[in-house]
Amino acid sequence: MPLTQDQLWTRNDEFTISTNKDYLDVEAIYQFLNKESYWANGIAKELVQAAITHSSLCYGIYEGNPSIGQAKQVGFARVVSDFVRFSWLGDVFVLPEYRGKGLSKWLMSIIVEHRHLKGTSFTLATNDAHSLYAQFGFQPLGQMEKRMARPLNWDEVYRGYNLTRNQE
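Predicted, not measured: the structure shown is a model, and the values here were computed from it.

(A) Looking closely at the overall build of the chain. Of the regular secondary structure elements, the chain holds five helices and six strands. Along its sequence from the N terminus, the chain presents helices and strands in the succession β-β-α-α-β-β-β-α-β-α-α. For 168 residues, the compact-globule formula gives about 15 Å, and the C-alpha radius of gyration of the chain, at 16 Å, lands near that figure. Dimensions along the principal axes, computed over C-alpha positions, put the chain at roughly 45 × 40 × 35 Å. Residue burial in the chain is summarised as follows: out of 168 residues, 40% are buried. Pairs at least 24 residues apart make up 60% of the contacts formed inside the chain by residues separated by at least 6 positions. Computing the positive centroid from 17 side-chain charges and the negative centroid from 18, the chain places the two 6 Å apart.

(B) Spotlight on the nonpolar core. Counting residues in hydrophobic clusters, the biggest one holds 44 residues, and the most contacted among them are Tyr 59, Leu 89 and Ile 111. Every element with two or more residues in this core is listed here: β2 (15-18), α1 (26-36), α2 (45-54), β3 (57-63), β4 (72-81), β5 (86-94), α3 (103-112) and α4 (130-134). No other element matches the seven residues that α3 contributes to this core.

(C) Main features of α1. Burial in α1 covers these residues: Val 26, Ile 29, Tyr 30, Phe 32, Leu 33 and Asn 34. Check the buried side of α1 and you find it contacts α2, β4 and β5.

(D) Looking closely at the packing of α1 against α2. Where α1 contacts α2, the axes come no closer than 10 Å and their chain directions differ by 115 degrees. In the packing of α1 onto α2, the handedness of the crossing is right-handed. Here Val 26, Glu 27, Ile 29, Tyr 30 and Leu 33 of α1 come into contact with α2, specifically with Lys 45, Val 48, Gln 49 and Ile 52. Its residues placed into classes, the contact of α1 with α2 shows six nonpolar, one polar and two charged.

Parameters at a glance
Note on numbering: residues in each chain are counted from 1, in written sequence order. Whole-chain, interface and lining totals are the exception, using all residues; otherwise, since this is a predicted model, local features are given only for residues with pLDDT of at least 70 and side-chain atom pairs are given and counted only at 80 or more. As a rule here, side-chain values cover all heavy atoms of the structure and leave hydrogens and water aside. Helix numbering and strand numbering both begin at the N terminus, where a helix is a DSSP run of H or I of at least 4 residues and a strand a DSSP run of E of at least 2. Throughout, the radius of gyration refers to the C-alpha atoms, and the reference size of a globule is 2.2 Å times the residue count to the power 0.38. Only protein chains enter the accessibility calculation, which uses a 1.4 Å probe; a residue is then buried when its area is under 20% of its type maximum, exposed when over 50%, and partly exposed in between. Any two residues whose heavy atoms approach within 4.5 Å at even a single point are treated as in contact. Neither His nor the chain ends is counted toward charge; the positive residues are Lys and Arg and the negative residues Asp and Glu. Just so you know, the charge point we use is NZ for Lys, CZ for Arg, CG for Asp and CD for Glu. Put simply, buried Ala, Val, Leu, Ile, Met, Phe, Trp, Tyr and Cys residues joined by side-chain atoms within 4.5 Å make one nonpolar core. To get an axis, fit a line to the C-alpha atoms, keeping to the stretch in contact for a helix; angles then go from 0 to 180 degrees between the N-to-C directions. The crossing is said to be left-handed when, going from far helix to near helix, the turn is anticlockwise and less than a right angle, and right-handed when the turn is clockwise. Three categories are distinguished: nonpolar for Ala, Val, Leu, Ile, Met, Phe, Trp, Tyr, Cys and Pro, charged for Asp, Glu, Lys and Arg, and polar for the others, with Gly belonging to the last.

Coordinates in, geometry out; function isn't part of it.
The structure is reproduced here in structure tokens:
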């Protein structure tokens, strides 16, 4: 099985999760990230599209089944991975009106059980969902003195895509 073969999961309550990027509603993802997220607020639509294109796996949560007809995208997550040693999880969301239905837990259970992600070192950043991710084996980082990161520089990212950043 190819590492990124499109997969589809359904629940009895008419919700579906798919890794088929063709089903993604980029406009809905953009609207959430640009207007409602704390981590990518103000992001350009072109950068959302680039992030989706270059991510190893993207998971869409849908009300309905996009493989057989119209379905509304109600959640999203993306993974960047080498499928051996590391994975990074980002841009995870469920639209506010769909929260409380177990969709985040269902999504996380599917992501962490992917046969080529299951054993990798998986990282993420969150301001407010520590208890959700802890249920799936995520822990605070240890040995912080050995870890380093280069900070995100939005100006350089926008420049790299020949875009102008709207700073409010």
